[in-house]
Amino acid sequence: MSEELHDVRLVVNGVPHDLGVPARRLLSDALRHDLGLTGTHVGCEHGVCGSCTVLLDGTPVRSCLLLAVTVSGSEVTTVEGLTNADGSLGPVQQAFKDCHGLQCGFCTPGFLTTITAGLRDNPCPTHDEAKEMIAGNLCRCTGYQNIVSAVERAAELIAGEGESP
Amino acid sequence: MKPAPFAYARPTDLAAAVEALAGSTNAKVLAGGQSLVPLLSMRLAAPALLVDINRLPGLDHVTSDASGVRVGALARHAAVLADEEAHRVQPLLAMALANVAHATIRNRGTTVGSLVHADAAAEMPVVLALLGGSVDVVGPGGRRTVAGDALFLGPLESSLAHDEIAVEAFFPALAEGSGVAFREVARRHGDYALCGVAVLVRLEDRRIVEARAGYLSVSDLPTVVDLAPALAGGGPEVPSDRALEAAGELALAALDPQGDIHATAAYRAQLVRVLTGRTLRAAYDDARRRTEQP
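Residues numbered from 1 in each chain as written. Chains lettered and ligands numbered in written order. Predicted model: local features only at pLDDT ≥ 70, side-chain atom pairs only at ≥ 80, totals over all residues.

1. A look at the overall build of chain B
Phase 1: Across its full length, chain B holds eleven helices and 14 strands.
Phase 2: For 294 residues, the compact-globule estimate of 2.2 N^0.38 gives 19 Å, and the C-alpha radius of gyration of chain B, at 20 Å, lies within 12% of that figure.
Phase 3: Expressed as lengths along the three principal axes of its C-alpha atoms, the size of chain B is roughly 60 × 45 × 35 Å.
Phase 4: Sorting the 294 residues of chain B into buried and exposed places 51% on the buried side.
Phase 5: Once local pairs closer than 6 in sequence are excluded, the contacts in chain B between residues at least 24 apart make up 63%. (Helix = DSSP H or I, 4+ residues; strand = E, 2+ residues; numbered from the N terminus. Rg over C-alpha atoms; globule rule 2.2 N^0.38 Å. Buried ≥ 20, exposed ≤ 12 C-beta atoms within 10 Å, placed from the backbone. Contact = placed C-beta atoms within 7 Å.)

2. As for the domain arrangement of chain A
One frequent convention defines the size of an interface as the accessible area lost when the parts assemble.
Residues and elements named next belong to chain A.
Phase 1: Entries for chain A in the domain assignment read domain 1 (6–79) and domain 2 (83–163).
Phase 2: Centre-to-centre, using C-alpha coordinates, domain 1 lies 21 Å away from domain 2.
Phase 3: Each partner contributes to the interface: domain 1 provides 16 residues, whereas domain 2 provides eleven residues.
Phase 4: When residues of the side of domain 1 that touches domain 2 are assigned to their parent elements, the largest contribution, three residues, is made by strand β3 (residues 53–56).
Phase 5: The residue inventory of the side of domain 1 that touches domain 2, partitioned by class, reads six nonpolar, ten polar and no charged. (Domains from an automatic or database assignment. Nonpolar A, V, L, I, M, F, W, Y, C, P; charged D, E, K, R; others polar.)

3. Observations regarding the pairing of strand β4 (residues 62–65) of chain B
Residues and elements named next belong to chain B.
Phase 1: Across four bridges, β4 lies against strand β5 (residues 68–72) in antiparallel orientation. When the bridges of β5 are listed, S64 appears paired with V69.
Phase 2: Between the antiparallel neighbours β4 and β5 lie two residues. (Pairing = 2+ DSSP bridges.)

4. Considering the interface of chain A and chain B
Phase 1: Listed as interface residues are 22 residues of chain A and, on the opposing side, 23 residues of chain B.
Phase 2: With four residues, strand β4 (residues 59–62) of chain A is the single largest residue contributor to the side of chain A that touches chain B.
Phase 3: Grouping the amino acids of the side of chain A that touches chain B by side-chain chemistry returns nine nonpolar, nine polar and four charged.

5. Notes on the domain arrangement of chain B
Residues and elements named next belong to chain B.
Phase 1: The domains assigned to chain B are domain 1 (1–174) and domain 2 (178–292).
Phase 2: Averaged C-alpha coordinates put domain 1 and domain 2 at centres separated by 26 Å.
Phase 3: If you look at the interface, domain 1 gives 21 residues, while domain 2 gives 21 residues.
Phase 4: Mapped by element, the contributors of at least two residues to the side of domain 1 that touches domain 2 are α5 (92–97), α8 (123–131) and β8 (152–154).
Phase 5: Top element by residues in the side of domain 1 that touches domain 2 is α8. It accounts for seven residues.
Phase 6: Its residues placed into classes, the side of domain 1 that touches domain 2 shows 17 nonpolar, three polar and one charged.

6. Some words on the confidence of the model for chain B
Regions with low pLDDT should not have their predicted coordinates read in detail.
Phase 1: In the predicted model, chain B carries a mean pLDDT of 96, and 99% of its residues have values of at least 70.
Phase 2: In the predicted assembly, ipTM is 0.95 and pTM is 0.95. (pLDDT = per-residue confidence, 0-100.)

7. Description of the packing of helix α10 (residues 241–254) of chain B against helix α11 (residues 265–292) of chain B
For any two helices packed against each other, the geometry is given by the interaxial angle and the distance between the axes.
Residue and element names in this part refer to chain B.
Phase 1: At a minimum axis distance of 8 Å, the contact between α10 and α11 shows a crossing angle of 130 degrees. With respect to α11, the axis of α10 lies oblique. Helix-helix and strand crossings are classified by hand; for α10 and α11 the assignment is right-handed. On α11, the residues touching L244, E245, A247, G248, A251 and L252 of α10 are A269, V272, R273, T276, G277, L280 and R281.
Phase 2: Grouping the constituent residues of the contact of α10 with α11 by class yields seven nonpolar, three polar and three charged. (Axes fitted to C-alpha atoms, helices over the stretch in contact; angles between N-to-C directions. Parallel < 35°, antiparallel > 145°, perpendicular 65-115°, else oblique. Left-handed = near helix turned anticlockwise from the far one by under 90°.)

8. A word on the sheet that holds strand β1 (residues 7–9) of chain B
Residues and elements named next belong to chain B.
Phase 1: Read across the open sheet, the three strands follow the order β1-β3-β2; overall the sheet is parallel. The two strands at the open ends of the sheet, each matched to only one other strand, are β1 and β2 (27–30). Each adjacent strand pair in this sheet contributes to an overall mean axis angle of 25 degrees, direction not counted.
Phase 2: Bridging between β2 and strand β3 (residues 49–52) involves four bridges; their strand directions are parallel. Residue L30 lies in a different strand from β3, and its bridge partner there is D52.

9. Here's the deal with helix α1 (residues 14–22) of chain B
Residue and element names in this part refer to chain B.
Phase 1: Three or more residues of α1 are buried, namely A17, V18, A20 and L21. Take α1 and look down its axis: the buried residues cluster within an arc of 160 degrees, on one side only.
Phase 2: Tucked into the core, α1 has its buried residues touching β1, β2, β3, β6 (134–139) and β10 (165–172). (Arc of directions from axis to C-beta.)

Here you go:
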């Protein structure tokens, strides 16, 4: 017996997609397998590592802890949606490059989405707030120092964008 | 791993949700799913049917009045944590919620879901039991109220029937002259606690006359211990170090710390001793602050 498919509509990075997926399809797998958006990385697949974090209607969530079918109708922002309209790096991405905030890069998409939402809610974080912002994401390479620096650098870049003509 | 196949229902009213649940003895309710989905993915749970309640109307409220805080089944932890009125009426809620996983998990996970998941390592079941709260559930026979101390039967086992849905939790307000505190030790911030303690005290004339503590991760069930006997008798207003130590030993007699890969039983027992004293003292200070600067 083949599995029943459910109609799921996701607006991913502004583009609407209509899918037919089994109820057990994780949002992370819908993004990667069904939509080919492999920027969202799946590390632990049980909510611990934070690599798969995406923005669901603007709010950071673990895409491996959501069924695609339950969030049908939602807007999803993945790391692919964080670049500027002209394809250049968005401010959080640029900050990671400036501060050497990644080495292997596997965890980076989850950090970028988390920090994007974090700086929207708190545009001028203190050093401790910057650390707290990323406390739910694991990185095995960097030791976090440069990632915390990147949070603070991204805040500067975003503030600078607001001032430019 | 990936979840095993299951049938899926997404009702848009409560009666239909209860009906869907009643149609299967192997169904699970999906709210936030932050505990359920990992269990599905690891195939520790393989229900035949998932009843998704996220489209049910009128269940995402956090409402407070003089009697306490009512939390709907679809209110996310983050919404409860951010609710200033709830914080004013029962400050223990926010103290404990700040320790529930990470912000990203709290954005999706629900407080009521955490209660009926009945994990003895979770914060909110202990808070409900300590405060003497309750959960309202709806089944084919209508709505009933389950007291906090009757909700937890065993590890990950609540007293809800298979065709009942928890719709609202009630956390009583902090009474006058009372204070609360919450402390836990985890290997990393946001991880499951190795031991956690919530304390509720009531003062009369600056002395503790009632003191209870709730414990997580050191027994099979969220466990509440009456600490007042350790503080009985004269002594100074502020509980002495000796009284705080006695409270820790009293608590330990009612608990059963187990060893696992994260901590030995002896270390967990030591955490009970230390955290009981610290949290009791913090709750006392909290009560003094509230009574002296209302």
